[in-house]
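Chain by chain, the residues run as shown.
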Amino acid sequence: MPRTIHIIGAGLAGLSAALKLSARGERVIVHEATAFAGGRCRSYHDATLGMTIDNGNHLLLSGNHAALDYLRDIGMADRLVGPQAAEFSFVDVASGQRWTLRINDGRLPWWIFDSARRLPGTRAVDYVPLARLLWARPGKSVGETIPCKGLLYQRLVEPLLLAALNIDPPHGSAKLASAVIRETIAAGGRSCRPLVARDGLGSTLIEPALACLQRRGAMVRLEHQLRALRFAAERIEALDFGKETVVLTADDAVILAVPPYAATALIRDLEGPTEFRAIVNAHFRTEPPPDAPPILGVLNGTVQWIFSFPGRVSITISAGDELIDSPREELAKTIWGDVAHATGLPPALPPWQIVRERRATFAATPAQEARRPRAKTRWRNLVLAGDWTNTGLPATIEGAIRSGNRAAALFAH
Ligand SMILES: Cc1cc2nc3c(=O)[nH]c(=O)nc-3n(C[C@H](O)[C@H](O)[C@H](O)COP(=O)(O)OP(=O)(O)OC[C@H]3O[C@@H](n4cnc5c(N)ncnc54)[C@H](O)[C@@H]3O)c2cc1C
């Protein structure tokens, strides 16, 4: 009887582990608590808008190599859209000023020395703190490593780190900021072209993965929540799903790819992040202006990023904890005020929806970063996966997929 690898959780970490293992011919069963796969990266039909929307806008970068490999594996690599070069358009809604940051393709950052490419009002010498962040000392925050003020900070470092770390940057882990900068700006424009799943997260990242798993003979059981793990001295001996208990053979293995609060409830003594940050998204059913960039950075507004999709304009507010309990209608009006200002669309509020994810990511502080566990556990047939495990990256699609790949690799024969 060949071994079975049970994967708990059908988010991107669980799905990527399942794809790697099933490609190797392993017998795989994915158990997902909810009625849908995708976890925090999903699409759903919204009755108010009468259209399918994503729980939140997700931005990938061309340097997210694990995410792009995942998409190639499921035949969806051509579904991400974005500009041919690393271009980021911004508008400051307080001053009305607009600019486009253009990072040159190669690793040598000559864009910094070209006033037409770098940020308006900055000098080449202003970019030195970016290098200091690259060599940040462990345990330090961004605020302890670089000055969090000035034009370069406001126009580049703050928007970049707020989006990538989902935390007010001065409080963010300098080590995680360093990883972000190393894999994006410092790697050159070829690694930071912005990419978006224009047809939706579900039809790009999730449903094709499920179809691929089915073709490879892997089973995905929805509404099948793991209630408890049964521990023996060195291994997990059974999985308790409430009405059903799965007894594991000596060769069977488990990848626990659930969020940290679920994992720490299942494993006594497991240390994981305990603090989280929210992300707020709003979606408006309206056609974006024809010349709108696919994504537009917004400064000095409530909104941080505006995404233009066919028939829809969506916005993202990272570290949006203060807005979690604001009255919805009021929030929609404030947000649309920024959007209308930034895009020139009419001020009348179009049909809207607001999606607030309270625990969107773990809080990327140095203290929480120190609580991220490695994939291996003291039980030889149990491995952890998820964006919150110690991937070296903030909680992102790329981190989740790398963690799933690593978990699968740990069970290589
Ligand atoms: C609004 C929002 C915007 C974001 N924007 C971006 C972005 O622009 N770029 C980017 O790279 N990342 C972004 N992220 C982060 C990204 O979505 C996550 O890092 C990634 O989806 C996490 O995947 P995961 O598999 O680690 O966890 P999850 O997606 O949380 O998956 C865990 C799964 O486990 C299941 N589960 C839990 N308990 C059990 C149990 N007991 N038994 C069985 N199953 C269980 C859950 O239902 C879930 O499906 C965003 C996140 C949010 C919420």
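In the block above lies the structure referred to throughout.
Since this is a predicted model, take the numbers as computed values, not measurements.

Novice: Mind showing me how you'd approach the overall build of the protein here?
Specialist: A tally of helices and strands in the protein yields 11 helices and 20 strands. Its C-alpha atoms give the protein a radius of gyration of 22 Å, near enough to 22 Å, the size a compact globule of 413 residues would have. Long-range contacts, defined as pairs at least 24 residues apart, comprise 68% of the intrachain contacts of the protein with a sequence gap of at least 6. Charge centroids of the protein, computed over 48 positive and 40 negative side chains, lie 5 Å from each other.

Novice: Sorry, what's going on with unusual backbone geometry here?
Specialist: Note: most peptide bonds trans; most residues except glycine with negative phi. For Asn166, which is not glycine, the phi torsion reads 55 degrees and is therefore positive. Inspection of the secondary structure puts Asn166 in the loop between helix H5 (151-165) and helix H6 (174-183). Its identity as a non-glycine residue notwithstanding, Asn300 has a phi of 60 degrees, on the positive side. Inspection of the secondary structure puts Asn300 in the loop between strand E16 (295-299) and strand E17 (305-309).

Novice: How do you make sense of the site of the ligand when you look at a structure like this?
Specialist: Within the structure, the ligand sits among 34 residues, and Glu32, Arg40, His58, Leu59 and Asp387 are positioned closest to it. At 2.6 Å from an oxygen atom of the ligand is found a side-chain nitrogen or oxygen belonging to Glu32. Contact distances for the ligand include 2.7 Å between an oxygen atom and a side-chain N or O atom of Asp387. For the ligand, whose free accessible area comes to 1000 Å², the fraction covered by protein is 92%.

Novice: Looking at this model, I keep getting lost on the pattern of salt bridges. Mind explaining?
Specialist: Pairing is possible between side chains of opposite charge, provided their charged atoms come close. Counted according to the given criterion, the structure contains 18 salt bridges. As a salt-bridge pair, Glu357 and Arg42 come within 3.4 Å of each other at their nearest N and O atoms. With Glu357 in strand E19 (residues 352-362) and Arg42 in the loop between strand E2 (27-31) and strand E3 (43-46), this residue pair connects regions lying 315 residues apart in the sequence. Where Glu369 meets Arg372, a salt bridge forms, and the shortest distance between an N and an O atom there is 2.8 Å. Residue classification places Glu369 among the buried residues on the basis of a relative accessible area of 7%. Connected via shared salt-bridge partners are Arg3, Arg24 and Glu26.

Novice: How should the packing of helix H1 (residues 12-23) against helix H11 (residues 397-410) be read in this particular structure?
Specialist: A pair of packed helices is characterised by two quantities: the angle between their axes and the separation of those axes. Running from N to C, H1 and H11 cross one another at 40 degrees; their axes reach a closest spacing of 7 Å. As far as their axial angle goes, H11 and H1 are oblique. With respect to the hand of their crossing, H1 and H11 are arranged in right-handed fashion. Two secondary-structure elements touch here, H1 through Leu12, Ala13, Ser16, Ala17, Lys20 and Leu21 and H11 through Ile397, Ala400, Ile401, Ser403, Gly404, Asn405 and Ala408. Residue composition of the contact of H1 with H11, by class: eight nonpolar, four polar and one charged.

Novice: Looking at this structure, how should I read a nonpolar patch on the surface?
Specialist: Nonpolar side chains collect at one region of the surface, where Leu108, Trp110 and Phe113 lie side by side and expose about 410 Å² of accessible area between them. Within the secondary structure, Trp110 is located in the loop between strand E8 (98-103) and helix H3 (128-134).

Novice: What is the right way to read H11 from this model?
Specialist: Along an α-helix, a turn takes 3.6 residues, which lines up residues three or four apart on a common side. For H11, built from 14 residues, the straight-helix expectation of 20 Å at 1.5 Å per residue is met to within 8% by its first-to-last C-alpha distance of 20 Å. For H11, the set of buried residues is Ile397, Glu398, Gly399, Ala400, Ile401, Ser403, Gly404, Ala407 and Ala408. Contacts made by the buried residues of H11 are with H1, strand E5 (59-61), helix H2 (65-73), strand E14 (253-256) and strand E20 (382-384).

Novice: Help me understand the sheet that holds strand E12 (residues 236-240), please; the structure alone is not making it clear to me.
Specialist: One key point about sheets: their strands pair by backbone hydrogen bonds, in either a parallel or an antiparallel sense. Here we have three strands laid out as an open sheet, ordered E11-E12-E13, and antiparallel in their pairing. The sheet is open, and its two edges are formed by strand E11 (228-231) and strand E13 (245-247), each paired on a single side. Put simply, the sheet's adjacent strands are angled 20 degrees from each other on average, direction ignored. In terms of strand pairing, E12 meets E13 through three bridges, oriented antiparallel. Counterpart to Leu239 in the pairing with E13 is Val246.

Novice: Explain the pairing of strand E15 (residues 276-284) to me, please; I cannot follow it from the model alone.
Specialist: The side chains of a regular strand alternate between both faces of the sheet. Counting buried positions along E15 yields eight of nine residues, so the element is predominantly enclosed. Strand direction decides the pairing type here: E15 and E19, joined by eight bridges, are antiparallel. Bridge assignment links Ala282 to a residue of E19, and that residue is Ile354.

Novice: Would you explain the packing of aromatic side chains in this entry?
Specialist: One pair of aromatic rings is described through two measures. These are the centre distance and the angle between the planes. Going through the model one piece at a time under the given rule, you end up with seven aromatic pairs. Ring plane angle 55 degrees and centroid distance 5.6 Å describe the contact between Phe90 and Trp305, whose orientation is recorded as tilted. Of the two residues, Phe90 sits in strand E7 (residues 86-92) while Trp305 sits in strand E17, which places them 215 residues apart along the sequence. Ring geometry for Phe284 and Trp336: centres 4.7 Å apart, planes at 55 degrees, overall tilted. Placement of Phe284 in strand E15 and of Trp336 in helix H9 (residues 328-343) is noted, with a sequence separation of 52 residues between them. Relative accessible area serves as the criterion here: at 2%, Trp336 is assigned to the buried category. In this structure an aromatic cluster arises from ring pairing among Phe90, Trp99 and Trp305. Residue placement shows Arg182 over the ring face of Trp135; its charged tip is 5.3 Å from the ring centre. Its guanidinium or amino end placed over the ring of Phe276, Arg359 lies 5.8 Å from that ring's centre, counting from NZ or CZ.

Reading guide: rules and limits
- Residues numbered from 1 in each chain as written.
- Predicted model: local features only at pLDDT ≥ 70, side-chain atom pairs only at ≥ 80, totals over all residues.
- Heavy atoms only, no water.
- Helix = DSSP H or I, 4+ residues; strand = E, 2+ residues; numbered from the N terminus.
- Rg over C-alpha atoms; globule rule 2.2 N^0.38 Å.
- Contact = heavy atoms within 4.5 Å.
- Lys, Arg positive; Asp, Glu negative; His and termini not counted.
- Charge placed at Lys NZ, Arg CZ, Asp CG, Glu CD.
- Near = heavy atom within 4 Å.
- Polar contact = N/O pair within 3.5 Å; in protein donor to acceptor, adjacent residues only side chain to side chain.
- Areas by Shrake-Rupley, 256 points an atom, 1.4 Å probe, with all protein chains shown as cover.
- Salt bridge = Lys/Arg side-chain N within 4 Å of Asp/Glu carboxyl O.
- Buried < 20%, exposed > 50% of the residue type's maximum accessible area, 1.4 Å probe, protein only.
- Axes fitted to C-alpha atoms, helices over the stretch in contact; angles between N-to-C directions.
- Parallel < 35°, antiparallel > 145°, perpendicular 65-115°, else oblique.
- Left-handed = near helix turned anticlockwise from the far one by under 90°.
- Nonpolar A, V, L, I, M, F, W, Y, C, P; charged D, E, K, R; others polar.
- Patch = residues over 30% accessible without salt bridge, like charges linked within 9 Å, V, L, I, M, F, W, Y side chains within 5 Å.
- Expected span 1.5 Å × (residues − 1).
- Pairing = 2+ DSSP bridges.
- Phe/Tyr/Trp six-rings, centres within 6.5 Å; stacked < 30°, edge-to-face > 60°.
- Lys NZ or Arg CZ within 6 Å of the ring centre and 35° of its normal.

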